[in-house]
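# Report on the structure
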Amino acid sequence: MVKKGIAALLSVGLLASPVHVTEAKTANAPYLMYQITTATGFVNGSGDEYATAYVYRGNVKLGSTKTSKYGYFHIPISAPKKGQVLTVFTVKNGVKSKVIKFKVTKTNTKVKQKSLKKFTTEDKNKINKEMYRYLAAYAKKHKKAVSDYYFSHGSAGYGDWYAITDQGSVQTQDNNYPGYYGFPLHDVGGFIMYTPKSGQYGIERNHYEKITGFGGLHELYKPNTSAFKYMMADNGKVYEIKGTTNNTSGLYIHPATGFGELTDKGTYGQYGPTVKFKPTTNKALQQKYTSVIKKYVKK
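Here goes a summary of the coordinates provided. (Residues numbered from 1 in each chain as written. Predicted model: local features only at pLDDT ≥ 70, side-chain atom pairs only at ≥ 80, totals over all residues. Heavy atoms only, no water.)

### Quick word on helix 2 (residues 121-141)
Along an α-helix, residues three or four positions apart point the same way, because every turn accommodates 3.6 residues. Look at helix 2: 30 Å from first C-alpha to last across 21 residues, which is about the 30 Å you get at 1.5 Å a residue. Just past helix 2, the residue Lys143 takes up positive phi, approximately 60°. (Helix = DSSP H or I, 4+ residues; strand = E, 2+ residues; numbered from the N terminus. Expected span 1.5 Å × (residues − 1).)

Now the structure itself:
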């Protein structure tokens, strides 16, 4: 049993790392959310909760991360090449799961990247949290309210969701069709700033309870006032769409405004965005984002 365990560890290169594990015959193999292609930028899957998930190519470790309390993991990797074989497994309390192997067989189009770096989910969450605090204070000062519920959509197909800017398309939801490397830019997060009918400025108390699916923040809006949707991209720029809280005329700002979906094959089709994001005119917001994102580029 010991020899078998050592052989298994050598096969995935774990003996070169400080992680010490034992083979577990009954452990379940992790599950991958979708096929890995040549444009894939993240390995998404699920396994044991509060474990560590690993991705290897032969003896080369491509990445690892802690799984969530539900067992989900999201591991950034460099774009793999067609024909490569990758292995994925989890380790919890020194016990290693069964290893799953998959071959990169599908070729998806890759485009030149314009991002400052590939930000992890953890990085994005921290950036959003800091920017949310800043924009809440800004909104309160200007008698506005702000929400981080800026992107959502109804029933959809399998294609990635994206926005359009003068600098290129921005991926906002990665469904792996075509995948991370199929876009030059990717969103870090965003916000909607509006005039609240409640008179509660900054972040409205319990405002998530009033949010509806497609209507989004409609129940919170003061009628016939302006609203802004801000999108932070991984090139360090903030983009915006200016619209209205009126859902019967003008450009109505709701969670789906400015976003579209690619086809089930990951190509541009008939369900693209109907409006383009432009560089923000809010200079203070751009300056703040520049200072915040720099801390994570240097990590």
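### Observations concerning the pattern of salt bridges
Applying the stated criterion across every chain yields a total of five salt bridges. With a shortest N-O distance of 3.5 Å, Lys92 and Glu49 are connected by a salt bridge. Residue Lys92 is found in strand 7 (residues 85-92), and its partner Glu49 is found in the loop between strand 3 (42-46) and strand 4 (52-57); the two are separated by 43 residues along the sequence. What makes Lys92 partly exposed here is its relative accessible area of 26%. Since its relative accessible area comes to 34%, Glu49 is described here as partly exposed. In this structure, the salt-bridge partner of Asp166 is Lys276, at a minimum N-O distance of 2.9 Å. With a gap of 110 residues between them, Asp166 in the loop between strand 11 (161-165) and strand 12 (168-173) and Lys276 in the loop between strand 16 (260-261) and strand 17 (278-279) connect regions that are remote in the sequence. We classify Asp166 as exposed; its relative accessible area is 55%. We classify Lys276 as partly exposed; its relative accessible area is 39%. Ionic contacts of the salt-bridge type, sharing partners, join the residues Glu130, Lys288 and Lys295 into one network. (Salt bridge = Lys/Arg side-chain N within 4 Å of Asp/Glu carboxyl O. Buried < 20%, exposed > 50% of the residue type's maximum accessible area, 1.4 Å probe, protein only.)

### Some points on the packing of helix 2 against helix 3 (residues 283-297)
Where helix 2 meets helix 3, the closest approach of the two axes is 10 Å, and the angle between their N-to-C directions is 150°. With respect to helix 3, the axis of helix 2 lies roughly antiparallel. When the axes of helix 2 and helix 3 are compared, the crossing they make is right-handed. Contact residues: helix 2 offers Asp123, Lys126, Ile127, Glu130, Met131, Tyr134 and Leu135, while helix 3 offers Ala284, Leu285, Lys288, Tyr289, Val292, Ile293, Lys295 and Tyr296. (Axes fitted to C-alpha atoms, helices over the stretch in contact; angles between N-to-C directions. Parallel < 35°, antiparallel > 145°, perpendicular 65-115°, else oblique. Left-handed = near helix turned anticlockwise from the far one by under 90°. Contact = heavy atoms within 4.5 Å.)

### Regarding the sheet that holds strand 3
The strands making up a sheet associate through hydrogen bonds between their backbones, and the pairing can be parallel or antiparallel. With antiparallel pairing, three strands are arranged side by side in an open sheet as 2-3-6. Looking along the sheet, the strands with just one partner apiece sit at the ends: strand 2 (31-32) and strand 6 (72-76). Pairing of strand 2 with strand 3 involves two bridges; the strand directions are antiparallel. The residue of strand 3 that forms the bridge with Leu32 is Gly45. (Pairing = 2+ DSSP bridges.)

### What about the packing of aromatic side chains?
By the definition in use, this model includes 16 aromatic pairs. Seen in terms of ring centroids, Tyr54 and Tyr56 are 6.5 Å apart; in terms of plane orientation they differ by 40°. Their pairing is tilted. Tyr56 carries the same exposure label as Tyr54, and that label is buried. Between Phe151 and Trp161, the ring centres sit 6.2 Å apart and the planes meet at 65°, which makes this aromatic pair edge-to-face. Of this pair, Phe151 sits in the loop between strand 10 (145-147) and strand 11 while Trp161 sits in strand 11, placing them 10 residues apart in sequence. (Phe/Tyr/Trp six-rings, centres within 6.5 Å; stacked < 30°, edge-to-face > 60°.)

### What about a nonpolar patch on the surface?
A grouping of Tyr31, Met33, Tyr70 and Tyr72 is seen on the molecular surface, where their side chains present a nonpolar patch of about 500 Å² in accessible area. Considering the arrangement of structural elements, one finds Tyr72 in strand 6. (Patch = residues over 30% accessible without salt bridge, like charges linked within 9 Å, V, L, I, M, F, W, Y side chains within 5 Å. Areas by Shrake-Rupley, 256 points an atom, 1.4 Å probe, with all protein chains shown as cover.)

### A look at the side chain of Thr245
For Thr245, the position within the fold is in the loop between strand 15 (238-244) and strand 16. For Thr245, a relative accessible area of 2% translates into the label buried. Polar contacts involving the side chain of Thr245 include one to the main-chain carbonyl oxygen of Lys222, which spans 2.8 Å. Residue contacts for Thr245: discarding those within four places in its chain leaves His218, Tyr221, Lys222, Pro223, Asn224, Thr225, Ser226, Ala227 and Tyr252. (Polar contact = N/O pair within 3.5 Å; in protein donor to acceptor, adjacent residues only side chain to side chain.)

### Thoughts on helix 3
With 15 residues, helix 3 extends 21 Å between its outermost C-alpha atoms, agreeing within 8% with the 21 Å of an ideal straight helix rising 1.5 Å per residue. Along helix 3, the residues classified as buried are Leu285, Gln286, Tyr289, Val292, Ile293 and Tyr296. In a view along the axis of helix 3, the buried residues occupy a sector of 135°, so they form one face of it. Facing away from the buried surface of helix 3 by more than 90 degrees, the exposed residues are Lys283 and Gln287. In this structure, the buried residues of helix 3 make contact with helix 2, strand 13 (185-194), strand 14 (226-233) and strand 15. (Arc of directions from axis to C-beta.)

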